[in-house]
Amino acid sequence: MSRWSIFVAAKMPDYVERDIAAAFDATFNTTGEKLTTDQVLKGLEGKDALFGNVGIKMDADFFARLPSSVKAVGTYSVGYDHVDLAAAKAKGMPVFNTPDVLTDTVAECAMLLTLSVARRITESVALMQNWKGWTPLQLNGMELVGKTMGIFGFGRVGRAIAERGRGFRMQIAYSDLNKLPPDLEQGAAYYPKPEDLMANCDVFILACNSTPETRGFLNRERLAKMKPTAIVVNIARGDIVNDDALIEALAQNRIMGAGLDVFNNEPNYDPRYRSLPNAFILPHIGSSTVEARRGMGRILIEGLLAAKDGKPARNRLA
Ligand code: NAP
């Protein structure tokens, strides 16, 4: 069967572009410019598939306007809150994402966020600009040993974070839509109500999907249930957090701090986070390692090749 022609919407690392070029006749984004929906749809004219990403809103209108040549779309992410799967299914359009291959990298980033807040890294980095020397009072943080890590969303990433938490000798607890079987729980305590988990943990980590149910989840009322010494970590999606509520809690020291990799309205995140000494913020680098980026490319290629050959794929969403 002949090769598919695909449109790659974002500039990819060289090693990913090489893998794509080996499998498809690819048109690459060579400038690195972030494309508008219209530009993506234009680029797809005459192409068999899209190698897309989180920056492209694939809503019902997008699927309605897809050129008739397009037979499959992929998103270079595991999260698919930007993709209207119902619209894709209604159109019979296969959609692929990048599960598993980024899980460890993202879990490592969650630990980075946790440790950075626990050890007051934002303040430490600032202090290095004008450091007067060691004192016993300087930036006393929180040790993780024996503390409870509460994970909201005990899926692939959530469980990989738990694995690392155990390595730090933390107690693991979680909340999810359902209690998991013992082989997946690995001794973690299940809280059917996330509010109870929040009241009983020291590090609360958001690792769920962004869905209509989880959007705005971390609000004023729920934050009020947390211990004043607790840390919030968001490795999932920005829209799970109500920024006004979290910023108020941080500014008033009603929690110890927050480590955030993702934000509402990226890249125009709420600038108040920048001036909070107890906020440690990152520019959505959760899956940004060479290993994960390469794996994400390969699994997406695998899915699109399966679509071409009419075969099943482990990363097919619709
Ligand atoms: P996953 O395996 O699907 O895990 C998500 C978990 O959240 C599932 O166990 C799911 O339960 C649970 N969940 C969904 N809705 C819930 C609710 N209302 N209440 C409680 N739990 C709920 O996905 P993953 O691979 O771990 O990835 C998780 C999310 O992380 C992705 O959706 C993505 O948005 C985010 N992410 C961020 C980065 C980054 O760069 N920062 C990188 C990768 C992923 P069910 O299975 O029962 O639905």
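Data block above holds the structure.
Residues numbered from 1 in each chain as written. Predicted model: local features only at pLDDT ≥ 70, side-chain atom pairs only at ≥ 80, totals over all residues. Heavy atoms only, no water.

> Teacher, can you tell me more about the overall build of the chain here?
Counting its regular elements, the chain contains 12 helices and 12 strands. On C-alpha atoms alone, the chain measures out to a radius of gyration of 21 Å, which is about the 20 Å that the 2.2 N^0.38 rule sets for 318 residues. Along the first, second and third principal axes, the C-alpha atoms of the chain reach 70 × 50 × 30 Å. Classification of the 318 residues of the chain by burial places 49% in the buried group. For the chain, contacts bridging at least 24 residues in sequence account for 61% of all contacts bridging at least 6. Entry remark: accessible area of the chain is about 15100 Å², with carbon and sulfur atoms responsible for 52%. (Helix = DSSP H or I, 4+ residues; strand = E, 2+ residues; numbered from the N terminus. Rg over C-alpha atoms; globule rule 2.2 N^0.38 Å. Buried < 20%, exposed > 50% of the residue type's maximum accessible area, 1.4 Å probe, protein only. Contact = heavy atoms within 4.5 Å. Areas by Shrake-Rupley, 256 points an atom, 1.4 Å probe, with all protein chains shown as cover.)

> Quick question: what am I supposed to make of the sheet that holds strand S12 (residues 279–281) here?
The strands making up a sheet are joined through hydrogen bonds of the backbone, oriented either antiparallel or parallel. The strand order S8-S7-S6-S9-S10-S11-S12 describes an open sheet built from seven strands, whose pairing is parallel. Each edge of the sheet is formed by a strand with only one pairing partner; in this case those strands are strand S8 (189–190) and S12. Alignment of strand S6 (residues 148–152) against strand S7 (residues 171–175), held across five bridges, turns out to be parallel. Of the residues in S7, the one forming a bridge with methionine 149 is isoleucine 172. In the packing of helix H7 (residues 156–167) onto the sheet, the strands contacted are S6, S7 and strand S9 (203–206), and the crossing angle to S6 comes to about 175°. (Pairing = 2+ DSSP bridges. Axes fitted to C-alpha atoms, helices over the stretch in contact; angles between N-to-C directions.)

> Got a minute to help me understand the environment of glycine 167 in this structure?
Tracing the backbone shows glycine 167 in helix H7. By relative accessible area, which is 63% here, glycine 167 ends up exposed. Separated by 46 residues in sequence, glycine 167 and isoleucine 121 place their C-alpha atoms 21 Å apart.

> Please explain a nonpolar patch on the surface as it appears in this structure.
A surface patch of nonpolar side chains, about 440 Å² in accessible area, is lined by Met128, Trp131 and Trp134. In this structure, methionine 128 sits in the loop between helix H6 (121–127) and S6. What makes methionine 128 exposed here is its relative accessible area of 54%. (Patch = residues over 30% accessible without salt bridge, like charges linked within 9 Å, V, L, I, M, F, W, Y side chains within 5 Å. Salt bridge = Lys/Arg side-chain N within 4 Å of Asp/Glu carboxyl O.)

> Please clarify how the pairing of strand S11 (residues 257–260) should be interpreted in this entry.
Along any regular strand, the residues point their side chains to alternate faces of the sheet. By the alternation rule, side chains of S11 split into Gly257 and Gly259 and Ala258 and Leu260, which are all buried. When strand S10 (residues 231–234) meets S11, the two strands line up parallel, connected through four bridges. Across the sheet, residue valine 232 finds its bridge partner in S11, namely alanine 258. Handedness of the crossover joining S10 and S11 through helix H11 (residues 243–251) is recorded here as right-handed. Alignment of S11 against S12, held across three bridges, turns out to be parallel. Paired with leucine 260 across the strands is isoleucine 281, a residue of S12. (Right-handed = clockwise from strand over helix to strand, strands pointing away.)

> Quick question: what am I supposed to make of the packing of aromatic side chains here?
Any two aromatic rings considered together are summarised by their centre-to-centre distance and by the angle between their planes. Applying the stated criterion across every chain yields a total of nine aromatic pairs. With a centroid separation of 5.8 Å and 35° between ring planes, the pair formed by phenylalanine 51 and tyrosine 76 is classed as tilted. Here phenylalanine 51 is found in strand S3 (residues 49–52), whereas its partner tyrosine 76 is found in the loop between strand S4 (72–75) and helix H4 (85–91), with 25 residues between them in sequence. Taken individually, phenylalanine 51 and tyrosine 76 each receive the classification buried, so the pair is uniform in this respect. A network of ring pairs unites the aromatic residues Phe152, Phe204 and Phe217 as a single cluster. The ring of tyrosine 15 has arginine 294 lying over it, and the distance from NZ or CZ to the ring centre is 4.7 Å. (Phe/Tyr/Trp six-rings, centres within 6.5 Å; stacked < 30°, edge-to-face > 60°. Lys NZ or Arg CZ within 6 Å of the ring centre and 35° of its normal.)

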